[in-house]
Amino acid sequence: MTSALQKNRPGAAFPFDNSYVGLPQHFFAPQAPTPVAEPWLIKLNEALAAELGLDVEALRRDGAAIFSGNLLPEGAEPLAMAYAGHQFGGFSPQLGDGRAILLGEVVDRSGKRYDIQLKGAGPTPFSRRGDGRAAIGPVLREYIISEAMFALGIPATRALAAVTTGEPVYREEVLPGAVFTRVAASHVRVGTFQYFAARGDTDGVRALADYVIDRHYPALKESENPYLSLFEAVSERQAALIARWLHVGFIHGVMNTDNMAVSGETIDFGPCAFMDTYDPATVFSSIDQHGRYAYNNQPGIAQWNIARLGETLLPLIDAEPDSAVDKANVVIKSYGERFQAHWLAGMREKIGLAGEEDGDLELVQALLSLMQAQGADFTLTFRRLSDLAGDDVAAPAFAASFREADACGPWLTQWRERLSRDPQTATERTIAMRGVNPAFIPRNHRVEQAIKAAVEDGDFSLFEALLSVLSKPYEDQPGFAAYREPPKPDERVLATFCGT
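Thresholds applied
Residues numbered from 1 in each chain as written. Predicted model: local features only at pLDDT ≥ 70, side-chain atom pairs only at ≥ 80, totals over all residues. Heavy atoms only, no water. Helix = DSSP H or I, 4+ residues; strand = E, 2+ residues; numbered from the N terminus. Rg over C-alpha atoms; globule rule 2.2 N^0.38 Å. Buried < 20%, exposed > 50% of the residue type's maximum accessible area, 1.4 Å probe, protein only. Contact = heavy atoms within 4.5 Å. Areas by Shrake-Rupley, 256 points an atom, 1.4 Å probe, with all protein chains shown as cover. Lys, Arg positive; Asp, Glu negative; His and termini not counted. Charge placed at Lys NZ, Arg CZ, Asp CG, Glu CD. Core = buried A, V, L, I, M, F, W, Y, C linked by side-chain atoms within 4.5 Å. Pairing = 2+ DSSP bridges. Axes fitted to C-alpha atoms, helices over the stretch in contact; angles between N-to-C directions. Parallel < 35°, antiparallel > 145°, perpendicular 65-115°, else oblique. Nonpolar A, V, L, I, M, F, W, Y, C, P; charged D, E, K, R; others polar. Patch = residues over 30% accessible without salt bridge, like charges linked within 9 Å, V, L, I, M, F, W, Y side chains within 5 Å. Salt bridge = Lys/Arg side-chain N within 4 Å of Asp/Glu carboxyl O. Left-handed = near helix turned anticlockwise from the far one by under 90°. Expected span 1.5 Å × (residues − 1). Phe/Tyr/Trp six-rings, centres within 6.5 Å; stacked < 30°, edge-to-face > 60°. Lys NZ or Arg CZ within 6 Å of the ring centre and 35° of its normal. Polar contact = N/O pair within 3.5 Å; in protein donor to acceptor, adjacent residues only side chain to side chain. pLDDT = per-residue confidence, 0-100.

Caption draft 1: Structural view of the overall build of the protein. Of regular secondary structure, the protein possesses 16 helices and 12 strands. For 500 residues, the compact-globule formula gives about 23 Å, and the C-alpha radius of gyration of the protein, at 23 Å, lands near that figure. Considering only C-alpha atoms, the protein reaches an extent of 70 × 60 × 40 Å along its principal axes. Across the 500 residues of the protein, 57% fall into the buried class. Considering only contacts within the protein whose residues lie at least 6 apart along the sequence, 73% involve residues at least 24 apart. Here the protein has roughly 19900 Å² of accessible surface; of this, 51% comes from carbon and sulfur atoms. Taken as two groups, the 46 positive and 64 negative side-chain charges of the protein have centres that lie 2 Å from each other.

Next up, the structure:
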C-alpha cells in the first residue's frame, strides 16, 4: 500500500465489516487503488449512502478523494477478486477483477451486507496488460442504468458515486478518466465457482459455496443437501431476474458467466441497452457479432450459464458422479419452467390480467407478434395499453403505436373479451398496469446525449436530468414528456460499447 493512501484516513465515513477477505488467500489478491491526479466528484448518491449507514457529511467533504482511490477509508481492506468465465462461449480459466477493487463491506440499516467496489481504480494482478482504468462514458452509463433498474424494481447493483480523475484514458480515442463506485449484495459470480473448479480445487468450491450460503441463502444450511439447494435457489433467482429484464425490454449485452451474480442481481452494465421498437432479435452490443446475447436469447443463455454453475457443484451435490449429474440435470431442466412461469405471470400483469386462463399465453404472444410486425415501440405500447384499460378515450393513442392504426383492432377485441372475465375493476386494473408498465426507461439516445455532453463539454446537466426522470419511471411527469418518446430516425443508437 502506498504511503499516499495511508495518510489522512477518515475514520467515520465507512463502518466496514469485511468477510470476503477472511476466505483463503488464493480467492483474491490484496490490491490498493492507484492514486489519480485531480479527482472531482461528479455525483454522490446521498440517499443510498444514508441507507448504508455511511457518513454523508464526510463523503461530501472527502468523496472525491475516497471514490477516486486517493484516500483509503479506515477499515478498508482493498482486494481484487479472482474468477474465471465463459466469454461468448469460450472458457478463460483466469479473468478476475482487472480494473475493479473491492474496498470492503458494510451492513446497512436493515441488516443486509453489501460490497463497496471501485471500478476504474487502477491495475491489479488480473489486469492482463490493461490499464485498470475507466473512461467517463461507461461510468455514466453504469450509473444511469443501474439506478434506473433499481427504480424499476429489478434487482441490480447500485451506484454510490462517480468521479473524474483528471487523467486521460486511451481507448480508440483519448477520453477523460473516471471511477465508478458500485454497491452489490456481493460480487460472487458463476465464474468465481468456475475459477476453483477449473483448478480441481474442490475445497475452494466448497469454501465458496459455504460462504454464499451464509451470505445470501442462510436458510439452506438446514437443508438435507445444502449444495443442491443452493443450485436450485440460484437457478430460481436467475429465472425471475431474466423474466424481469424481458418485461421492460432490457438487453444485458454480455451474459458471460463472469457477469452472472449468484445473488440474483443484475451486474456489469457494459454494452447494455433498452429496446425501442419491439424485435426479439435485437442486439446492441458492438462485440456480439452473432447475436448470442440478443433480447430473446437471454433466457436460454441464463440456463446455459446455470448449467456451468452446476458443473462446478457436482462433487458437492453427490459423491457418486452419475447421481450428482442426474440431480443437477433436474435443476437445469426445471429452469425453463421456472422462467416461463415468471415471464407469463409478468406479462399477464402487463396486459391487465389478475386471473389465469389457458389462452393467456396465446393472447400475449399475439400482441407481441403484432408489435413486431407493426414496428411498435415496446415501452410506449404497454404504457398506452395501461391507459386504455380504464378509458376508451385512449384508444387512438394506443392505435398510433402501430404503423397501421387499424391493425390492433382484432387483438383489442380478444383482449376486451378476456378482461370481461377478469375479477378486477377498470380502476384497479389501470392502477395495477401503470405500476408495471413504465412511462420512462433509459432511452439509448438520451443516455448517449448525456454522455456526449459530459465528455465533450464537461456538462453534466443532461446526466442529472435523466437521473431525476428515471427515479420515478412509473409516474407520468408531464414536464418531462419528451423523455417518453422513442428516438427520431437520426437519433437511433444501433450499437453500444463495453469501454474496457
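Caption draft 2: Examining the nonpolar core more closely. The biggest cluster of nonpolar side chains holds 123 residues, and the ones touching the most others in it are Y20, F193, L385 and W415. For this core, the element with the highest residue contribution is helix α7 (residues 226-248), accounting for 13 residues. Aside from chain neighbours lying at most four places away, what touches Y20 is F27, F28, L79, M81, L102, E105, V188, T192, L208 and Y211. Judged by nonpolar contacts, the second largest core, of 28 residues, contains L52, F67, A121 and V179.

Caption draft 3: Focus on the pairing of strand β9 (residues 158-170). Here four bridges tie strand β2 (residues 40-44) to β9, and the two strands are oriented antiparallel to one another. From the neighbouring strand, K43 faces β9, where its bridge partner is A162. For β9 and strand β10 (residues 174-184), the ladder comprises nine bridges, and the chain directions are antiparallel. Along β10, the bridge assignment pairs T164 with A178. As consecutive antiparallel partners, β9 and β10 are separated by three residues.

Caption draft 4: Geometry of the packing of helix α6 (residues 202-216) against helix α8 (residues 298-317). Two elements in contact, α6 and α8, have axes separated by 10 Å at closest approach and are oriented at 95°. As the angle between them shows, α6 and α8 are arranged roughly perpendicular. On α8, the residues that touch T202, V205, R206 and A209 of α6 are T312, L313, P315 and L316. Residues belonging to the contact of α6 with α8 are distributed by class as follows: five nonpolar, two polar and one charged.

Caption draft 5: Focus on a negative patch on the surface. A contiguous patch of negative charge, built from E172, E173, E456, D457 and D459, is present on the exposed surface. Along the chain, the position of E172 falls in the loop between β9 and β10.

Caption draft 6: Inspection of the packing of helix α5 (residues 190-197) against α8 at higher detail. Where α5 meets α8, the closest approach of the two axes is 9 Å, and the angle between their N-to-C directions is 35°. Taken as a pair, α5 and α8 cross one another with a handedness that is left-handed. Between α5, through V190, F193, Q194 and A197, and α8, the contact on the second element is made entirely by N305, R308, L309, T312 and L313.

Caption draft 7: Structural view of α7. End to end, α7 covers 34 Å across 23 residues, agreeing with the expected 33 Å (1.5 Å per residue, within 8%). The buried count for α7 comes to 17 of 23 residues, which makes it a mostly enclosed element. Phi turns positive, to about 75°, at G249, one or two residues after α7.

Caption draft 8: Quick peek at the side chain of N305. Mapped onto the elements of the fold, N305 is located in helix α8. Filtering out sequence-adjacent residues up to four positions away, N305 remains in contact with V190, M255, N256, T257 and M260.

Caption draft 9: Fine view of the side chain of R484. Looking at the element boundaries, R484 is found in the segment after α16 (461-470). The contact partners of R484, leaving out residues within four places of it in the chain, are L380, R383, A439, F440, R443 and D476.

Caption draft 10: Region of interest: the packing of aromatic side chains. Across all of its chains, the model carries 21 aromatic pairs by this definition. Ring plane angle 70° and centroid distance 5.8 Å describe the contact between F480 and Y483, whose orientation is recorded as edge-to-face. Classification of F480 as partly exposed rests on a relative accessible area of 31%. For Y483, a relative accessible area of 14% corresponds to the buried category. Counting every residue linked through ring pairs, the aromatic cluster contains Y20, F27, F28, Y195, F196 and Y211. The cationic tip of R199 hangs over the ring face of Y195; the distance from NZ or CZ to the ring centre is 3.7 Å.

Caption draft 11: Examining the environment of Y295 more closely. Within the element layout of this structure, Y295 appears in the loop between β12 (273-274) and α8. Judged by relative accessible area, Y295 falls into the buried class, the value being 4%. Residues Y295 and L140, 155 residues apart in the sequence, show an inter-C-alpha distance of 23 Å. Here Y295 is in contact with L246, G249, F250, I251, M275, Y278, P280, T282 and F378, once residues within four sequence places are set aside. Within the structure, Y295 has its side chain in polar contact with the backbone oxygen of L246 (distance 2.7 Å).

Caption draft 12: Here's a closer look at the environment of R141. Inspection of the secondary structure puts R141 in helix α4 (residues 136-152). Along the primary structure R141 and F463 are separated by 322 residues, whereas in three dimensions their C-alpha atoms are 9.4 Å apart. Within polar-contact distance, the side chain of R141 engages the backbone oxygen of C272 at 3.4 Å.

Caption draft 13: Quick peek at the environment of L367. Counting through the fold element by element, L367 comes out in helix α10 (residues 360-373). In sequence terms L367 and S92 are 275 residues apart; their C-alpha atoms lie 41 Å from each other. Setting aside its immediate chain neighbours within four residues, L367 contacts I351, F382, L385, F398 and W411.

Caption draft 14: Representation of unusual backbone geometry. One non-glycine residue, R128, lies in positive phi territory at about 50°. Position of R128 among the secondary structure elements: in the loop between β7 (113-119) and β8 (134-135). For R128, a relative accessible area of 57% puts it in the exposed group.

Caption draft 15: Representation of the confidence of the model for the protein. Per-residue confidence for the protein gives a mean pLDDT of 94, with 97% of residues at or over 70. Across residues 1-7, confidence stays below pLDDT 50; counting only partners more than four residues off in sequence or on other chains, it has 15 contacts.

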